[in-house]
Every structure is written in structure tokens, then in C-alpha cells.
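Okay, here's what each chain looks like letter by letter:
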Amino acid sequence: MVATTHTPPPTSHRAQAARPRRSPAAPLLAAAWAGGFAVLGLWWQNTVSVAGSAGWLGGAGRITGLLCGYMCALLVMLMARVPWLEHGVGSDRTARWHASAGRWTVGLLACHIVLITLGYAAQAHTGPIREFLSIVFDLPEMLKGTLGAAVLLAVGFVSARAVRRRMRYETWYYLHLLTYAAIFLAFWHQLALGADFVGSAAARAAWYVLYAGAAALVLWFRVLVPVRLNLRHRLRVEVVVPEAPGVHSVWVRGRRLHELGAQPGQFLRWRFLTQGLWGASHPYSLSAVPQSGLLRITVKSLGDHSAAVPTIARGTRVWAEGPYGALTANRRRRRKVLLLAGGTGITPLRTLFEALPAAPGDLTLLYRARTAAELTFRHELEAIADRRGARLLYALNSPDGTRTPLTADRLRATLPDIAEHDVFLCGPHPLAVAAYEALRAAGVPASRIHYESFEF
Ligand SMILES: Cc1cc2nc3c(=O)[nH]c(=O)nc-3n(C[C@H](O)[C@H](O)[C@H](O)COP(=O)(O)OP(=O)(O)OC[C@H]3O[C@@H](n4cnc5c(N)ncnc54)[C@H](O)[C@@H]3O)c2cc1C
């Protein structure tokens, strides 16, 4: 690792204390578990006794069905892009919760289908296949329910890591959207057949409220809020400029951008309404503090979408959603801050470097890149460091291309009081993992390492 330092002249900036905000993750998880137990309570209340293999299989089938139905509503809420979740918990963490909840849902669904079929078959003294066909074709709402279940299982299959890796992101994304249709189709059989709902108007009402709440969140935050945002701000591409090899900045002009509420470190989802690009929205972080009607993002060419960004013409209309993300000043706990960037991870950290309240000497940016030519924003970063009295360090590979690992000793040699810092970390996954481990070994508590992943 070749570390080059840019030492700034002293300045007279005054530090402003940033008020830390508590993450809502713990109360949210507690509420989700409490909801799960309430669902189990519903089964308990409606069950007088469980007898024989048919009773046990049917009971287990009912429990897995109820929990699966509950998880479906949670899945939808997690992806509704509720600002409280996106800003408080973080989009990447919310997406991980959604993925994990999705795996549980698919597992519960499979168990529900098998257990209910075996339970009914034991009760009717028939074979499971015959019973399965009878359930699907004879019971009310079951054709729709089966179709919904089939779609959910298929979405679960294409979301398995090994399968998803072989697919274009857009193909996976649009297949994934079928989950909404699947949940809608499966909803009705729960009320028509679920023993816990048939006899209880209160349980039915609670289920309607749960699902209507999830639908309202999606409608509001994924449809109406973006429509209002784009009507209000009328975004258009102003200019696209090269920044480094394979890296371009897009300046976007809009009206009343101060009302967007974008904080340094956040990102938006961008859809450029031009041929070949309008079909998908991609997340890119703001790479500059919004100023005089302009936003800037900076994109590294990777695949179809990002590689086409340099060809976007001036005046192209832009559809944006956001701002999202929790890599913001609200996370900060300590006076001293280290920003640790790798590759394109520099984009949100460049904005924080510019805007995070800090006294001279309290802010350090450590920017890791393979070569000096790949350092994006070099002049801007040096100007910011000079203006703010911040430290700017570059960690480059050796001239022969070898990369010295990031270790606790190296971090301590660079910043002897590193354990006293808050660290904002953004970069490729392997770098982030190595940096996280080195930071923990150097004494930085996990609660003060703030990381946002570029991979959802
Ligand atoms: C919160 C966040 C902020 C980001 N900020 C920046 C940034 O400032 N600058 C930058 O260069 N890159 C950023 N990225 C990464 C950028 O979104 C991807 O590199 C880009 O979407 C790749 O699309 P592609 O079609 O060119 O490449 P592909 O080869 O199609 O995709 C490469 C990988 O990018 C991810 N990806 C692709 N499309 C999407 C999508 N629509 N939504 C989410 N993930 C997708 C997938 O994991 C995929 O495997 C950010 C990502 C996230 C999640």
C-alpha cells in the first residue's frame, strides 16, 4: 500500500455537534416478533385440543399458514420504501431483512402446503396427491391461492443466490414484482378457509387492516410520493462529464431542489427517460451537496446501464425516487470521524467530506484505489481538505500492482486514536469486510462503524 497524504493548512472552522439519532431497528424487530406471537395467539385461542396425527399435522399446517400470511404482509412493508426505514435502518439493511424474511416465507409456505395436505389426507383417509387435487379444485378460493403459492415459490427460486447470479438484474427485478400479484391472489383463501378467520370477525378485521396497511404503504411511498417528487422537481440532465477512466458525473437540473431534503451520503434511484435506459431505475449516490438547482451523481461503468450513462444527452428527462439511505451525519456519535472509501464508494463519502460538521483535524478521509489515475475527484477532495482543515490520505497499490492488506496496525499507525472515531465506510464488498475486521481489531466498536453496501 502506498499512502500519500494531503496535509491541509489550518483553518478556523468551528465544529458543530451532530446529534446522534437512535436507529429504530431494535423496536421494529421487537414489533415484528410481537406480531408473530400475536398470530400464534390467534391459533391458540381457536384451538380447543389437538388429537391424533391428523390433528397435529393440520395444526402445524394452520400455524405455518398463519405465519406465512403474516410474513407476506411484512415482506411488502419492508419494500415499501418507507422513509423511516430507509433513513433510520438503511436501505441495504432493510433489503437484507426483506431477503431473509423472504426465505422464511417461502420455507413456511412449503411447510404449510405439505402439512395441510397431509393433515387433510389423514383426516379423510385418502392419499396425499388425491387430497391435494381435491383441495385445489374443490375448495373455495383455492385455485387463486395455488396460483399465488406457485408464483411465490418461483420468485423464491429465482431469488436464490446461485440462480439470481446467472440472471440480468432487470429480469430478476421484474419477476420479483410478481410477488405483489402472488400475495393478492393468496390472500383470499386465508379468509375463506382459515379456521382462525372463518369464525372470528375480529381476526378477519385484523387481517384486513394488516394487508390494507401494507398496500397503503406501497401505494403511498412507491407510487404517489415519487409522482409528486417528479412533478415538483422536473429533473433533466444538464451535462455528463468524465471524471476518471470509466467514471462519469451526471449533473441533473431541477426546480426547488432544496425541498428534496437530500442529505449528504444519501442516494436516489435514477431512471433516465431515454432509449435503452428508461426500463430500469438504478441507485446512485449524490456525489456533491445539492447546489443552485443542480444535483450530481457519479457513475462507474460496470454493466448495461452504467456503461450507457456517458451517452445520455443534455435535456434528457429523469425520473428519480428518494432520497434514501442511512449513511448520513445522523449516525455519528463522536467528534472525530474517519471516512474510509474504496473505488466508487468515494461518491457518498465525498459529499460527507464536504458537509459533515467538523473542526480542523477532526475529519479524515482515507481513499483506497488501485492507481493514482483511478482517484476520482482528486482536485475537489484536496480543495475540500484545504478549506476544512481535514486530512486526506490515499492508499494506492504498489507500482508492481500488489495490494497491501488493511490491518489494525496500519490503521493505528495512520490514526493513533482511531478507537475514538466514528467510521463511515463505503466500497466494494471484499474491501468493506476487510476494513470492518481491521477497524474492530483496532478498537472501533461495531456501533460506530457505519457501512452502506452498493450491492442489494
Ligand atoms: C445504495 C447504492 C448506491 C450506489 N451508488 C453508486 C454510485 O454513486 N456510483 C456508482 O457507480 N455505483 C453506485 N452503486 C452501484 C450501481 O447501482 C450499480 O453499479 C449499477 O446499478 C450497475 O448497473 P449495470 O446495469 O450497469 O450493471 P450490471 O452488471 O447489470 O449490475 C451489476 C450489479 O449491480 C447491481 N444492480 C444492477 N442494477 C441494479 C438496480 N437497478 N438496483 C440495484 N442494484 C442493481 C446488482 O447487484 C448487479 O449484480 C450504488 C448502489 C447502491 C445499492
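Nothing here was measured: the structure is a model prediction, and the numbers come from that model.

Student: Would you mind going over the overall build of the chain with me for this structure?
Tutor: A tally of regular secondary structure across the chain gives 15 helices and 12 strands. Projected onto the principal axes, the alpha-carbon positions of the chain cover approximately 85 × 50 × 45 Å. Residues classed as buried in the chain amount to 47% of the 456 residues present. Put simply, 73% of the contacts in the chain that link residues at least 6 apart link residues at least 24 apart. Just so you have it, the chain exposes about 22200 Å², and 64% of that area is on carbon and sulfur atoms. Separation of charge centres in the chain, based on 49 positive and 26 negative side chains, amounts to 4 Å.

Student: Before we go on, may I ask you to explain the pairing of strand E10 (residues 391–396) in this structure?
Tutor: Successive residues of a regular strand alternate their side chains across the two faces of the sheet. In terms of residue burial, E10 counts as a mostly covered element, since 5 of its 6 residues are buried. Looking at chain direction, strand E9 (residues 363–369) and E10 are connected through 6 bridges and run parallel. Looking at the pairing, leucine 366 lines up with leucine 393 of E10. In the classification by handedness, the crossover that spans E9, the intervening helix H13 (residues 378–388) and the parallel E10 is right-handed.

Student: I keep staring at the side chain of threonine 364 and nothing clicks. Help me out?
Tutor: Checked against the element boundaries, threonine 364 lands in strand E9. Exposure remark for threonine 364: the relative accessible area of 2% places this residue in the buried category. Setting aside its immediate chain neighbours within four residues, threonine 364 contacts Val337, Leu338, Leu339, Arg391, Leu393 and Leu415.

Student: Which parts of the structure should I look at to understand the site of the ligand?
Tutor: Inspection of the region around the ligand gives 20 residues, with Ser281, His282, Pro283, Lys300 and Ser306 positioned closest. Within the backbone of lysine 300, one N or O atom sits 2.8 Å away from an oxygen atom of the ligand. When the ligand is considered free in solution it has 880 Å² of accessible area, and contact with the protein chains removes 84% of it. Elements represented by at least two residues in the shell around the ligand include exactly strand E5 (282–285), strand E6 (294–300) and helix H11 (304–308). By residue number, the principal contributor to the shell around the ligand is E5, which donates 4 residues. The residue inventory of the shell around the ligand, partitioned by class, reads 8 nonpolar, 10 polar and 2 charged.

Student: Is there a simple way to think about the sheet that holds strand E4 (residues 267–272) in this case?
Tutor: Strand-to-strand pairing in sheets goes through backbone hydrogen bonds, with the strands running parallel or antiparallel. The strand order across the open sheet formed by 3 strands is E5-E4-E7, and the pairing between neighbours is antiparallel. Strand pairing shows two members of the sheet lacking a second neighbour, E5 and strand E7 (318–324), which therefore form its edges. Here the strands of the sheet are splayed against their neighbours by 30° on average, with no regard to which way each runs.

Student: Sorry, what's going on with the sheet that holds strand E3 (residues 247–253) here?
Tutor: Sheet architecture is open: 3 strands sit in the order E2-E3-E6, paired in antiparallel fashion. Strand pairing shows two members of the sheet lacking a second neighbour, strand E2 (236–244) and E6, which therefore form its edges. The average angle at which neighbouring strand axes cross in this sheet is 20°, direction not considered. The pairing of E2 with E3 spans 7 bridges and is antiparallel. Bridge pairing links valine 240 to valine 250 in E3.

Student: Hey, could you run me through unusual backbone geometry in this one?
Tutor: Peptide bonds are, in most cases, trans, and in most cases residues other than glycine have a negative phi. Cis rather than trans, the peptide bond between glycine 322 and proline 323 has omega equal to 0°. In this structure, proline 323 sits in strand E7. Here arginine 81, not a glycine, exhibits a phi torsion of approximately 55°, which is positive. Tracing the chain through its elements places arginine 81 in the loop between helix H2 (52–78) and helix H3 (83–124). Exposure remark for arginine 81: the relative accessible area of 9% places this residue in the buried category. One non-glycine residue with positive phi stands out, namely histidine 125, at about 55°. Within the secondary structure layout, histidine 125 lies in the loop between H3 and helix H4 (128–138).

Student: Quick question: what am I supposed to make of the confidence of the model for the chain here?
Tutor: Parts of the prediction with low pLDDT should not have their coordinates interpreted in detail. On average, residues of the chain score 91 in pLDDT, and 95% of them reach the 70 mark or higher. For residues 7–21, every residue scores under 50 in pLDDT, and the model assigns this stretch 30 contacts once sequence neighbours within four places are set aside.

Student: Any chance you could explain the pairing of E7 here in plain terms?
Tutor: Burial analysis of E7 places 6 of its 7 residues in the buried class, the great majority of the element. Pairing of E4 with E7 involves 5 bridges; the strand directions are antiparallel. Bridge pairing links phenylalanine 272 to valine 318 in E7.

Student: Looking at this structure, I do not really get the nonpolar core. What am I missing?
Tutor: One finds Phe197, Trp207 and Tyr211 to be the most contacted residues of the largest nonpolar core, which totals 37 residues. The set of elements that each furnish at least two residues to this core consists of helix H1 (25–45), H2, H3, helix H5 (142–159), helix H8 (178–193) and helix H10 (201–233). Examining the composition of this core, we find that 11 residues originate from one element, H2, more than from any other. Setting aside residues up to four positions removed in sequence, tyrosine 211 forms contacts with Gly69, Cys72, Ala73, Ile183, Phe187 and Gln190. Grouped together as the second largest cluster of nonpolar side chains are 25 residues, Leu363, Leu365, Ala385 and Phe424 included.

Student: What is the right way to look at the state of the cysteines in this model?
Tutor: In protein structure, a disulfide is the covalent linkage between the sulfur atoms of two cysteines. Enumeration according to the criterion identifies 0 disulfides in this entry. Not engaged in a disulfide, the cysteine cysteine 111 finds its nearest cysteine sulfur in cysteine 68; these two sulfurs lie 9.6 Å apart.

Student: Is there a simple way to explain a nonpolar patch on the surface in this structure?
Tutor: Together, Leu219, Trp220, Val223, Leu224, Val227 and Leu231 make up an exposed nonpolar region whose accessible area comes to about 530 Å². For valine 223, the position within the fold is in helix H10. According to the relative accessible area criterion, valine 223 is partly exposed, its value standing at 38%.

Student: Would you mind going over the pattern of salt bridges with me for this structure?
Tutor: Note that side chains of opposite charge can pair when their charged atoms are close. Across all of its chains, the model carries 19 salt bridges by this definition. Among the ionic pairs, aspartate 304 bridges to arginine 168, the shortest N-O distance being 3.0 Å. Of this pair, aspartate 304 sits in helix H11 while arginine 168 is found in the loop between helix H6 (161–164) and helix H7 (169–176), placing the two residues 136 residues apart along the sequence. Classification of aspartate 304 by relative accessible area gives exposed; the value is 54%. One salt-bridge network, in which partners are shared between bridges, spans Glu243, Arg296, Arg350, Glu354 and Glu380.

Rules behind the numbers
Residues numbered from 1 in each chain as written. Predicted model: local features only at pLDDT ≥ 70, side-chain atom pairs only at ≥ 80, totals over all residues. Heavy atoms only, no water. Helix = DSSP H or I, 4+ residues; strand = E, 2+ residues; numbered from the N terminus. Buried < 20%, exposed > 50% of the residue type's maximum accessible area, 1.4 Å probe, protein only. Contact = heavy atoms within 4.5 Å. Areas by Shrake-Rupley, 256 points an atom, 1.4 Å probe, with all protein chains shown as cover. Lys, Arg positive; Asp, Glu negative; His and termini not counted. Charge placed at Lys NZ, Arg CZ, Asp CG, Glu CD. Pairing = 2+ DSSP bridges. Right-handed = clockwise from strand over helix to strand, strands pointing away. Near = heavy atom within 4 Å. Polar contact = N/O pair within 3.5 Å; in protein donor to acceptor, adjacent residues only side chain to side chain. Nonpolar A, V, L, I, M, F, W, Y, C, P; charged D, E, K, R; others polar. Axes fitted to C-alpha atoms, helices over the stretch in contact; angles between N-to-C directions. pLDDT = per-residue confidence, 0-100. Core = buried A, V, L, I, M, F, W, Y, C linked by side-chain atoms within 4.5 Å. Disulfide = S-S within 2.5 Å. Patch = residues over 30% accessible without salt bridge, like charges linked within 9 Å, V, L, I, M, F, W, Y side chains within 5 Å. Salt bridge = Lys/Arg side-chain N within 4 Å of Asp/Glu carboxyl O.

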